[in-house]
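Residue strings, one per chain:
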Amino acid sequence: MPSNQYSIKEIQQVISADGTITKDYTINTLLTDSRRISNPSEGLFFALSGRRNGHEFIAEAYVAGVRNFVVKQGPEINLPEANFLIVADVLTALQTLAAYHRSRFNLEVIGITGSNGKTIVKEWLYQLLCADKNIVRNPKSYNSQIGVPLSVWQINDKNNLGIFEAGISTTGEMKKLEAIIKPSIGVLTHIGPAHDEGFADRNQKVIEKLVLFDTCRLLIHNYEQLVDFKESIHAQNCFSWSTTFKQADLYVFSETVIAKNFYLRAKHKGKEIECLIPFLDEASIENAIVCWATMLALGYKPVEADKRIERLNAVSMRLELKTGINDCSVIDDSYNSDIQSLEIALNFLNQQNQHTKKTLILSDIFQSGLQPDVLYQQVADMISIKKIDKFIAVGPALTAHQDYFNISEKHFYPDTDDMLQHLRALNFKEETILIKGSRSFEFERISRALVQKAHETVLEINLNALLNNLNFYRSKLKPRVKIMAMVKAFSYGSGTFEVANMLQYNKVDYLAVAYIDEGVALRKTGITLPIMVLNPEASAFDKLAEYNLEPVIYSFGLFDDYIKYARDNNVLNYPVHLKIDTGMHRLGFEKFEVETLCDLLEENPYVQVRSIFSHLVASESELHDEFTLKQIMNFEKAVKQIEKALGYKVIKHLSNTSGITRWPNAQYDMVRLGIGLYGIDAAIKVTENGLQPIASLKTSISQVKKVKARETVSYNRSGSLTKDGKIATVRIGYADGYLRAFGNGVGKMLVKGILVPTVGNITMDMCMLDVSGIDVREGDEVIVFNEQLRIEELAAQIGTIPYEILTNVSQRVKRVYFYE
């Protein structure tokens, strides 16, 4: 039996599971997500319980073809030919199986941990060592309690080096990961504040991370980071590096910038050596020194280490979703290609519903450790399972194996130049295109050809941060409370189908939009979730049933309009939502109107009330808690009256974002999550919350000018410098959403990490910044807001609220969506 295949009976013994084997199967694929099923006939599904209970998705996995499951309790329904291995803890069973698999291989393993730089160091070590070794490593940043066992499961008998990173968030976790990875060589990267909240202090976190290296023969680390932790180091030998301490094994004593490279000189074994790093940012330099130290510790000659490090390529760990030509969407993953990351990228492609047609552009895959016939059969099988409609292959190896691919529309080209010459004939139109290529194929040229040309000012949306925020609020909910996600106003300026796709894929219960046309747009891009329309127009009622949209009824006039429409068109029992005004005094039936509303609803054949809701006015403010309590009481009274008139129960929802965190007793059946999804909650202090800003607005410098003191800048001669200096004109103005109120020093942006003020009035397309004393050039990046310069700060600068800043970013600003 191949090294990565086990019988289900053998697995039952390894994980000490109960349960009866009804049919013997061979297992070679571990599955944890019913939405991402590959090779189901040989897959083993682990019903993990976390934010969601994996047992609830067993039926979904079964329908996808999975027949083997590891569970905490058996299913309530009979599933023919399915095996259920019953264990006390499903995650422990997954980790036990991975540890057993690891124990069968006698290969060198590098284990990496730290606060920052783990994934980059892992990928760079792969680049540096792959010429000599057949390497297995974590896909992307699969370094968690689940990601590590899934990564280690990839080891096969052709591998002679493993490189695995391990991430932890609290005490007790690293011991479990160490048992799975069993590294012989350890690498400790930068220690910083990430995940400090899971530990009593920074020292406790460092000690916990060092557990990974307990049985290592060699540990590579920064000398000063572990000066105070010598008693916690159990590795047999250490190799240290430092830019401060001469006693380190690698003492870096000189740093010089040479033609956009960083030139380092160091002392090692009493000799002076050198290294040229092809990056200038501080984080990359530190990560490269870690790799340099690792290569020297492994016995590479300094000249060879320098030669390889000089050729390091930047690591792109995120997928970029962009607007393409001819109404296409483009997923750009054009800098790396291996079988594991291909599956991750294909899963992301399948999340996209905006186009029915799915296209893959793929290059040859290098250094997989598999024979070409085996590798490309796996690729062909994966593409078949993922239901790719159009396949474009670039490279001689794929061309040689084109018969493996049973796809109706397929194209093969020997190289990227040839494919670009035939680009027009490929007729890209209204499709979602995944570009996945090894770096040597220069697929960024294909990306440039397919992405719609746009304004250089870009709003970057981090979909991982969006998911983090969703899960943060999920953790605050009582059992069985539903989530309605607010995606009105272009998802608060963050995008329509891109955000809705992510929310649908992660199983929110409802979406809400402001107007019917917003709901229609979502339906046209493949969104199937229930959609509530907050402010429906009578003129567009015909679109409700056509696109399965559910209107909010908030007044008697609107009620009468809808009933007339339903009667004229014979629309019966259509789902509607009732809004009650409990104090906002914007929309909704007031307290004195509820009785009349009840009379109209009794035995009304045209509507089926799906939910009743109201809106909290000041849920974030302690100052108005008494008023919030009054709203809650008024809401409950109105609901009781209406449900009595209806004769049935409905969904009740009152809490908005801040209400979720401050008013748990007001969660009822559902909550409405709005600005919190996007990383902002006025009820939580920025320094204390678990939210992540999802948006970064970036622009660039068009021109740099020297300006003398008191020379005027911008319209109406409104700005000037108090002394001789220089200004940078940047590509953003009030037409992009950077309001005129930010002018004349009120607004500030980040240039080279330094906060600089505006000078003069903001113009339509541009504005000017005081960059005196900063080394800047045309084309340099400028940050308008991000996780460092937060939206809340911009709002405070001009006396408004974060909502206005985010929703004001105009549609001419290109949106780019990232997913790691």
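Everything numeric here is computed off the predicted structure, so don't read it as measured data.

Caption draft 1: Layout of the overall build of the protein chain. Each helix and strand in the protein chain was counted, giving 25 helices and 39 strands. The proportion of buried residues among the 820 residues of the protein chain is 56%. Considering only contacts within the protein chain whose residues lie at least 6 apart along the sequence, 65% involve residues at least 24 apart. Approximately 35,600 Å² of the protein chain is accessible, and the part contributed by carbon and sulfur atoms is 48%. Distance between charge centres in the protein chain, computed from 91 positive and 97 negative side chains, equals 2 Å.

Caption draft 2: Geometry of the pairing of strand E16 (residues 319–323). Counting buried residues along E16, four of its five residues qualify, which places the element largely inside the surrounding structure. Bridge analysis of E16 against strand E39 (residues 814–819) gives three bridges, and the strand direction is antiparallel. Counterpart to Glu320 in the pairing with E39 is Phe818. Where E16 meets strand E17 (residues 329–333), four bridges bridge the pair, whose relative direction is antiparallel. Bridge pairing in E17 places Leu321 opposite Ile331. Here E16 folds back onto E17, and the loop between the two strands holds five residues, one of which, Asn326, carries a positive phi near 55 degrees.

Caption draft 3: Region of the structure containing the sheet that holds strand E13 (residues 250–258). Strand order in this open sheet of nine strands is E8-E9-E7-E10-E11-E12-E13-E14-E15, and the pairing throughout is mixed. In this open sheet, the two strands that pair with only one neighbour each are strand E8 (135–137) and strand E15 (271–277). Neighbour-to-neighbour, the strand axes of the sheet open up by a mean angle of 20 degrees, direction not taken into account. Sheet topology note: the strand E7 (residues 108–113)/strand E10 (residues 185–188) ladder contains four bridges and is parallel. Residue pairing for E10: Ile110 is matched across the bridge by Ile185.

Caption draft 4: Representation of the packing of aromatic side chains within the structure. One pass over the full model with this rule turns up 21 aromatic pairs. Aromatic pair Phe366 and Phe441: ring centres 5.8 Å apart, planes at 20 degrees, arrangement stacked. With Phe366 in the loop between strand E18 (357–363) and helix H11 (372–385) and Phe441 in the loop between strand E21 (431–436) and helix H14 (444–450), this pair connects stretches of sequence that are 75 residues apart. By relative accessible area, Phe366 is classed as partly exposed at 38%. Members of the aromatic cluster, joined through ring pairs, are Phe541, Tyr562, Tyr565 and Tyr574. For the cation-ring pair, Arg35 lies above Tyr505, with the distance from its terminal atom to the ring centre recorded as 4.2 Å. The residue whose ring lies beneath Lys390 is Phe428, and the NZ or CZ to ring-centre distance is 4.2 Å.

Caption draft 5: Spatial organisation of the pairing of E39. Burial runs high along E39: five of the six residues are buried. For strand E22 (residues 458–462) and E39, the ladder comprises five bridges, and the chain directions are parallel. Within E39, the position partnered with Glu460 by the bridge is Val816.

Caption draft 6: Focus on the pattern of salt bridges. Within this structure, the stated rule accounts for 34 salt bridges. Here Lys122 ties to Glu165 by a salt bridge, and the two come within 3.1 Å at their closest N and O atoms. One end of the pair, Lys122, is in helix H4 (residues 118–129); the other, Glu165, is in strand E9 (residues 161–165), and 43 residues separate them in sequence. The exposure class assigned to Glu165 is buried, which follows from its relative accessible area of 0%.

Caption draft 7: Just the nonpolar core, in detail. In terms of nonpolar packing, the biggest core is built from 145 residues, with Val379, Phe391, Leu503, Leu511, Tyr562, Ile642 and Phe785 touching the most fellow members. Residues Leu128, Cys275, Ala288 and Ala305 belong to the second largest nonpolar core, which totals 40 residues.

Caption draft 8: Molecular detail of helix H20 (residues 556–568). Helix length check: H20, at 13 residues, gives a terminal C-alpha distance of 18 Å against a target of 18 Å (1.5 Å per residue), a fit within 8%. Burial in H20 covers these residues: Leu558, Phe559, Tyr562, Ile563, Tyr565 and Ala566. Axial view of H20: buried residues confined to an arc of 160 degrees, hence all on one face. The elements touched by buried residues of H20 are helix H19 (542–546), strand E26 (549–553), strand E27 (574–579), helix H21 (594–601) and strand E28 (607–613). Trailing H20 by a residue or two, Asn570 shows a phi angle of about 55 degrees, which is positive.

The rules behind each value
Residues numbered from 1 in each chain as written. Predicted model: local features only at pLDDT ≥ 70, side-chain atom pairs only at ≥ 80, totals over all residues. Heavy atoms only, no water. Helix = DSSP H or I, 4+ residues; strand = E, 2+ residues; numbered from the N terminus. Buried < 20%, exposed > 50% of the residue type's maximum accessible area, 1.4 Å probe, protein only. Contact = heavy atoms within 4.5 Å. Areas by Shrake-Rupley, 256 points an atom, 1.4 Å probe, with all protein chains shown as cover. Lys, Arg positive; Asp, Glu negative; His and termini not counted. Charge placed at Lys NZ, Arg CZ, Asp CG, Glu CD. Pairing = 2+ DSSP bridges. Axes fitted to C-alpha atoms, helices over the stretch in contact; angles between N-to-C directions. Phe/Tyr/Trp six-rings, centres within 6.5 Å; stacked < 30°, edge-to-face > 60°. Lys NZ or Arg CZ within 6 Å of the ring centre and 35° of its normal. Salt bridge = Lys/Arg side-chain N within 4 Å of Asp/Glu carboxyl O. Core = buried A, V, L, I, M, F, W, Y, C linked by side-chain atoms within 4.5 Å. Expected span 1.5 Å × (residues − 1). Arc of directions from axis to C-beta.

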